[in-house]
Amino acid sequence: MFGYINPDAPYLFKKDETLYKALYCGLCKSIGAGCGQRARTALTYDMAFTSALIHNIRGEDVKIIRARCALHFIKKRPITAVDDTTVAIGCVNTLLAYYKLCDDKADGDKRGILRHLYKKGFKKAVKKHPRAEEIIRRHTVAQAEVEKGGCNVVDAACEPSANMMKELSEYLLGEYSSAETQKLFYALGKWVYLADALDDYEKDVKKGRFNVLYNAYGGATKCEMIAKCKTEMEFVFNSLFADMRAALSNVKFYFNHDLTDNIILRGIPLKTRALFYGECKCKGAENEQKKS
């Protein structure tokens, strides 16, 4: 994932804020345990959210302890204890980070050189969870082929990433996977891909890299693109929000799910709005932002 999944902080209960931070720190510890210390630098809150979702659906309660870490060594902090599920999610995080940097390298992005930092962690993750690596590699190759062909259909361009998240959820959830959890993770994967396309729009256009929103709608700047296809893009995102809500309402949770509800129902739409209008100075975008 890419760091786009966040809660709507003003509407987050204190207990859930504490849990979210503890999950993040616990996942960091788990990555260190499973993939080595360098791999910990690739952690994002996206995976802390994934940890909350997977643990709850699997009916595995996390144990919160107080401990120190390298960055916060003076005062002990609430941290979730390392368990098999968290180590597995940490390995998935390392595999995703490595393949993302390989993709950056193929696109000519200087960040691609950083993949060498995660090579040892990547190998450890492959050894522990070869099935997860196979899923990510297969869909990464499929995504590259779609982009190489210059796809200009939004749904088709999102398909490999969406299916990757769907299959990873099946792997991580095991017997707890259902049609509804698969739908939820499919929609999340599709949303992350489109959020990344929105976020990188102008950089991709400037450097001549693939961006499905540019191929589908055109426009030299993100504001121009949004002005041309605002209704269509709102329909795409609103459809994804509806799919997430519908799937979420039918997923069986074993514990309180205020945290993941906040992120899915409030945080993701809020982030989408920010990506749409956050940096747009054009009059139409600003006026629309005030209306909504």
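Since we're looking at a predicted model, the values are computed, not measured.

A. Representation of the nonpolar core within the structure. Of all hydrophobic cores here, the largest spans 82 residues; its most connected members are Trp191, Leu194, Leu213, Met225 and Met233. In this structure, tryptophan 191 is in contact with Tyr4, Ile5, Phe237, Leu240, Phe241, Met244, Ile268, Lys271 and Thr272, ignoring residues within four places of it in sequence.

B. Representation of the environment of serine 249 in the model. Residue position: serine 249 is located in helix α10 (residues 222-249). Using a relative accessible area of 57% as the deciding quantity, one classes serine 249 as exposed. Spatially, the C-alpha atom of serine 249 lies 28 Å from that of isoleucine 136, the residues being 113 residues apart in sequence. Polar side-chain contacts of serine 249 include one of 2.7 Å to the backbone oxygen of alanine 246.

C. Spatial organisation of the pattern of salt bridges. Counted under the stated rule, the structure contains 17 salt bridges. The shortest N-O distance in the salt bridge between arginine 131 and glutamate 167 comes to 3.8 Å. Taken as a pair, arginine 131 in helix α5 (residues 130-148) and glutamate 167 in helix α6 (residues 154-173) lie far apart in primary sequence, 36 residues in all. Exposure remark for arginine 131: the relative accessible area of 39% places this residue in the partly exposed category. Several salt bridges share partner residues, and in doing so they unite Arg131, Glu134, Arg138 and Glu167 into one network.

D. Region of interest: the packing of helix α2 (residues 45-58) against helix α3 (residues 84-106). It is the contact of α2 with α3, at a shortest axis distance of 10 Å, that shows an interaxial angle of 145°. The handedness of the crossing between α2 and α3 is right-handed. Contacts between α2 and α3 pair Met47, Thr50, Ser51, Ile54, His55 and Arg58 from the former with Thr85, Thr86, Ile89, Val92 and Asn93 from the latter. Residues that form the contact of α2 with α3 fall into these classes: 4 nonpolar, 6 polar and 1 charged.

E. Representation of empty space enclosed by the protein. Following the criterion strictly, the structure yields 3 cavities of 30 Å³ or more and no others. As a volume, the largest cavity reaches approximately 50 Å³. Forming the boundary of the largest cavity are 10 residues, of which Thr50, Val92, Met165, Leu168 and Leu172 lie nearest the centre. The element that contributes the greatest number of residues to the lining of the largest cavity is α6, accounting for 4 residues.

F. Expanded view of the confidence of the model for the protein. Averaged over all residues, the pLDDT of the protein equals 91, while 94% of them reach at least 70. Here residues 285-292 is a poorly scored stretch, pLDDT under 50, and it has 9 contacts once near neighbours within four places are set aside; other chains count.

G. Expanded view of helix α7 (residues 179-199). Between the first and last C-alpha of α7 there are 30 Å, a value that for 21 residues agrees with the 30 Å anticipated at 1.5 Å per step. Of all 21 residues in α7, 16 are buried, a share of seventy percent or more.

H. Representation of the packing of α3 against α5 within the structure. In the contact formed by α3 and α5, the axes pass within 10 Å of each other and the chain directions differ by 25°. The angle between the axes of α3 and α5 places the two elements in the roughly parallel class. When you trace α3 past α5, the crossing you get is right-handed. Of α5, the residues touching α3 (which contributes Val92, Leu95, Leu96 and Tyr99) are Ala132, Glu133, Ile136, Arg137 and Thr140. A per-class count over the contact of α3 with α5 returns 6 nonpolar, 1 polar and 2 charged.

I. Structural view of the packing of aromatic side chains. Tallied over the entire structure, the rule returns 10 aromatic pairs. Relative to tyrosine 277, the ring of phenylalanine 276 lies with its centre 5.6 Å away and its plane at 45°, an arrangement referred to as tilted. Summarising the burial analysis for this pair, phenylalanine 276 and tyrosine 277 share the class buried. Ring pairing ties together the aromatic residues Phe237, Phe241, Phe276 and Tyr277, which thus form one cluster. In this structure, arginine 266 packs its charged tip against the face of tyrosine 11, placed 3.7 Å from the ring centre.

About the cut-offs
- Residues numbered from 1 in each chain as written.
- Predicted model: local features only at pLDDT ≥ 70, side-chain atom pairs only at ≥ 80, totals over all residues.
- Heavy atoms only, no water.
- Core = buried A, V, L, I, M, F, W, Y, C linked by side-chain atoms within 4.5 Å.
- Buried < 20%, exposed > 50% of the residue type's maximum accessible area, 1.4 Å probe, protein only.
- Contact = heavy atoms within 4.5 Å.
- Helix = DSSP H or I, 4+ residues; strand = E, 2+ residues; numbered from the N terminus.
- Polar contact = N/O pair within 3.5 Å; in protein donor to acceptor, adjacent residues only side chain to side chain.
- Salt bridge = Lys/Arg side-chain N within 4 Å of Asp/Glu carboxyl O.
- Axes fitted to C-alpha atoms, helices over the stretch in contact; angles between N-to-C directions.
- Left-handed = near helix turned anticlockwise from the far one by under 90°.
- Nonpolar A, V, L, I, M, F, W, Y, C, P; charged D, E, K, R; others polar.
- 1 Å grid on protein atoms, 1.4 Å probe; cavity = no way out; pocket = protein on both sides within 12 Å on 5 of 7 lines; lining within 4 Å.
- Points joined across faces, edges and corners; volume = space filled by probe spheres on them.
- pLDDT = per-residue confidence, 0-100.
- Expected span 1.5 Å × (residues − 1).
- Parallel < 35°, antiparallel > 145°, perpendicular 65-115°, else oblique.
- Phe/Tyr/Trp six-rings, centres within 6.5 Å; stacked < 30°, edge-to-face > 60°.
- Lys NZ or Arg CZ within 6 Å of the ring centre and 35° of its normal.

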